[in-house]
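Next come the chains, spelled out residue by residue.
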Amino acid sequence: MDDLERLAVNTIKFLSIDAIEKANSGHPGLPMGAADYAFILWSRYLKHDPSDPHWPDRDRFVLSAGHGSMLLYSLLHLSGYDLPLDELKNFRQWGSKTPGHPESHITPGVEATTGPLGQGFGNGVGMALAAKMAEARFPGLFNHRIWGIVSDGDMMEGVASEAASLAGHLRLGNLTYIYDDNKITLDGTLDESMDEDVGKRFEAYGWRTLHIDGHDHAQITKALDEAKAERERPFLILARTHIGNGAPHKHDTHKVHGEPLGADETKATKEAAGWPLDKPFYVPAEVRALWDKRKTELQKIHAQWNEHEKKWLAEHAKEADTYRAMREKRVPGDLLEQLAAAAPPKTDATRGLAGTILQKAAALVPSLVGGDADLGGSTKTPIKDSTKVQAGKFDGRNLRFGIREHAMGAMANGFAYYGMFVPFTATFLTFSDYMRPSIRLAALARLQVVHVFTHDSVFLGEDGPTHQSVEHVSALRLIPHVHVWRPADGVECAAAWAAALQRKDGPTEMILSRQKVAEPPPGTHAGDAMKGGYVILREESGTPDVVFMATGSEVGVAVEAARELGKGGTRVRVVSLPCLEVFAAQDASWRDAVLPSTGLRVSIEAGRTDLWKAWVGPDGITIGVDDFGYSAPYEVIAKHLGLTGPQVAARVRERLTRK
Ligand SMILES: Cc1ncc(C[n+]2csc(CCOP(=O)(O)OP(=O)(O)O)c2C)c(N)n1
């Protein structure tokens, strides 16, 4: 290592240490241990352009060990992203672009929101698969790779194992992770909780592996050269490092993992490195020059690619429009009308109705790709006129995640981070629990991802309570920025898909029934459904005595109950609420016209009732399912739980007469 390299590595370390000291919180251990290989990767290998963080042919870098965020912020600052030194001085403070863990929608150059360990690992695998699929669609246009840093915590999390297994199966040779093998975690040493041979584990998954000393620059360079040349297999560089490297008293201890070094140890570390004590956030001029030079080189590489792209587009007129459509995630202006026209004329389970509409959506929107966790026959989501994506065959649109819901969620986020693709996933609603961490991150990072969940209630029947969702719809609604659609018929399924494809700033959950739903009342149309809530059956005259509020398969139950009550002269309105979040965001004039302030409000949804209490008010009735379900045919379950039209009507009648 020459003097300039040593100076450059120390700059990364001390920027991180100083920011963490100033914030009096953060994780110095990882930035200090990783600074050697991170410097070499970022200053010589990573292809990116700090002046255009979204350039499509850039390499992607994921810091899966998000607690080491100051490493990334130091690298982004030095590389020349729009992240001035003042932002580093404001690490973890209100309104800064340097939050505690990296957030992609806040900081330019952060490719993925990370922090919950293991998720970033899965994101990177999704990005690598997306890159392979982009390459297959536009041969010769792109040449980029996915890089990442993963830590002991990432290696222990199950989601990473699922994603690693799939990356090996798919032979994602464009993916390189550096495993920061420092044998220390938050509370102690790694051998207290893990002692497997990680290299052998990854070889068994089909990865190529290489062990290096993570502080030896010659070994790091050789490993990165090999990684760059690799085409056939994902590559794990196991870099043995020392956490807190350079801190005389704290290195190799868990004390340096997640606490500031403190004034004394900071001083000792700077003295040991010959670093000035009186210049916090110091960037030596020669180090600044090194990074500035790299930025100029990278801008040149980007400009050359722009020329290449121009030429490529001129030579590939047929693919050029698809390329532009995918870059914009374009949907046709009359998407809703086209999807509504594709809705089957006869009623069915909403999974079947939505599955038919998905075929049309796939024909209209080339960005749309997706897959399921080995339940495609049940979720009805395979795209019929396309093929299954497999190793070496990346031109298809159907992703085979296998029975790996955690990885499916994290990889779908990776597709969204990558760009060009609108990914969807599919499985039973109950298994949304296995995807919840990724759904939450999709919402936080404002990612356009569609999660299709079928078999949405106790009405899946005979499989019983292990598979029956009770709390899941409510649980998804509780995540901020998530839109939960539970359509009642074909028209609402069309609206749900249209909304999901138009919404660019957050995930959409599509909640679909296994069982056939009732024929909707005549005259409903998709434009109303797009507002999230509308009157699906109006009272015959005057103002309503009763207002039913229902979603999905229970809209049919509400309509049946309303007709029953109508026979006795009760004036009943039925409001279908396929998406509460979208409805709540409508103007008051629409909301008030749909939900009048008078009349007894009754909610019906085959799931937990708690959230509905606010919607029906203190005098209203909530009808739902507040305990685990039963293994039986669904018609039998409905009767036992009082979820049939006549039973609902009787319950409402009883309340009206009591009043
Ligand atoms: C899912 C999840 N669980 C727990 C944590 C809290 N946490 C953050 S870092 C860490 C220890 C990680 O150790 P390691 O990955 O070896 O990082 P290092 O000590 O090398 O910095 C833990 C438990 C987390 N961020 N995410």
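A short tour of the structure in this document, coming up. (Residues numbered from 1 in each chain as written. Predicted model: local features only at pLDDT ≥ 70, side-chain atom pairs only at ≥ 80, totals over all residues. Heavy atoms only, no water.)

**Remarks on the packing of helix 5 (residues 119-137) against helix 7 (residues 158-169)**
Step number 1: At a minimum axis separation of 8 Å, helix 5 and helix 7 run at an interaxial angle of 20°. On the basis of the axis angle, helix 5 is roughly parallel to helix 7. For the pair helix 5 and helix 7, the crossing hand works out as left-handed. Contacts from Q119, F121, G122 and V125 of helix 5 reach helix 7 at V159, A160, A163, A164 and A167. (Axes fitted to C-alpha atoms, helices over the stretch in contact; angles between N-to-C directions. Helix = DSSP H or I, 4+ residues; strand = E, 2+ residues; numbered from the N terminus. Parallel < 35°, antiparallel > 145°, perpendicular 65-115°, else oblique. Left-handed = near helix turned anticlockwise from the far one by under 90°. Contact = heavy atoms within 4.5 Å.)

**Examining the sheet that holds strand 9 (residues 450-454)**
Strand pairs in the sheet, formed through backbone hydrogen bonds, run parallel or antiparallel to each other.
Step number 1: With parallel pairing, six strands are arranged side by side in an open sheet as 7-6-8-9-11-10. At either margin of the open sheet sits one strand with a lone partner, and together these are strand 7 (398-400) and strand 10 (483-485). Taken pair by pair, the neighbouring strands of this sheet meet at an average axis angle of 20°, ignoring direction.
Step number 2: Here three bridges tie strand 6 (residues 368-372) to strand 7, and the two strands are oriented parallel to one another. Bridge pairing in strand 7 places D372 opposite R400. (Pairing = 2+ DSSP bridges.)

**A closer look at the site of the ligand**
Step number 1: As a matter of local geometry, the ligand sits amid 15 residues, with H67, S151, G153, N182 and H257 nearest to it.
Step number 2: Between the ligand and the protein, one listed contact pairs an oxygen atom with a backbone N or O atom of I184 at 2.8 Å.
Step number 3: The contact in question runs from an oxygen atom of the ligand to an N or O atom on the side chain of H257, over 2.7 Å.
Step number 4: A per-class count over the shell around the ligand returns six nonpolar, seven polar and two charged. (Near = heavy atom within 4 Å. Polar contact = N/O pair within 3.5 Å; in protein donor to acceptor, adjacent residues only side chain to side chain. Nonpolar A, V, L, I, M, F, W, Y, C, P; charged D, E, K, R; others polar.)

**Focus: helix 7**
Step number 1: The first and last C-alpha atoms of helix 7 sit 17 Å apart over 12 residues, in line with the 16 Å expected at 1.5 Å per residue.
Step number 2: Turning to helix 7, its buried residues are V159, A160, E162, A163, A164, L166, A167 and G168.
Step number 3: Along its buried surface, helix 7 packs onto helix 5, helix 6 (152-156), strand 3 (175-181), helix 8 (198-205), strand 7 and helix 16 (405-418).
Step number 4: Backbone geometry just downstream of helix 7 places R171 in the positive-phi region, at approximately 55°. (Expected span 1.5 Å × (residues − 1). Buried < 20%, exposed > 50% of the residue type's maximum accessible area, 1.4 Å probe, protein only.)

**Description of a negative patch on the surface**
Step number 1: On the surface, D187, D191, E192 and D195 cluster together into a patch of negative charge.
Step number 2: Relative to the elements of secondary structure, D191 occurs in the loop between strand 3 and helix 8. (Patch = residues over 30% accessible without salt bridge, like charges linked within 9 Å, V, L, I, M, F, W, Y side chains within 5 Å. Areas by Shrake-Rupley, 256 points an atom, 1.4 Å probe, with all protein chains shown as cover. Salt bridge = Lys/Arg side-chain N within 4 Å of Asp/Glu carboxyl O. Lys, Arg positive; Asp, Glu negative; His and termini not counted. Charge placed at Lys NZ, Arg CZ, Asp CG, Glu CD.)

**Quick notes on the sheet that holds strand 2 (residues 146-151)**
Step number 1: If you walk across this open sheet you meet the five strands as 1-2-3-5-4, and the pairing is parallel. Each edge of the open sheet is held by one strand with a lone partner, namely strand 1 (60-63) and strand 4 (208-213). Along the sheet, successive strands turn relative to each other by an average axial angle of 20°, direction set aside.

**A word on the packing of aromatic side chains**
Step number 1: Under the criterion given, the structure shown has 23 aromatic pairs.
Step number 2: A ring pair is formed by F121 and F202, whose centres lie 6.1 Å apart and whose planes are at 50°; its orientation type is tilted. With a gap of 81 residues between them, F121 in helix 5 and F202 in helix 8 connect regions that are remote in the sequence.
Step number 3: What links up through ring pairs into an aromatic cluster is the set W55, F138, F142, W305, W312 and Y323.
Step number 4: Looking at R145, its charged tip hangs above the ring of W147, at a distance of 5.8 Å from the centre. (Phe/Tyr/Trp six-rings, centres within 6.5 Å; stacked < 30°, edge-to-face > 60°. Lys NZ or Arg CZ within 6 Å of the ring centre and 35° of its normal.)

**Brief notes about the pattern of salt bridges**
Step number 1: Going through the model one piece at a time under the given rule, you end up with 30 salt bridges.
Step number 2: When the shortest N-O distance is used, the salt bridge between K222 and E226 registers 3.1 Å. Of the two residues, K222 and E226 both sit in helix 9 (residues 217-229), four residues apart, roughly one turn of that helix.
Step number 3: Looking at E226, the relative accessible area reads 22%, which means it is partly exposed.
Step number 4: Residue D505 pairs with R503 through a salt bridge whose shortest N-O separation is 3.4 Å.
Step number 5: For D505, a relative accessible area of 44% corresponds to the partly exposed category.
Step number 6: With relative accessibility at 10%, the residue R503 sits in the buried group.
Step number 7: One salt-bridge network, in which partners are shared between bridges, spans R208, K222, E226 and E230.

None of this, on its own, says anything about what the molecule does.
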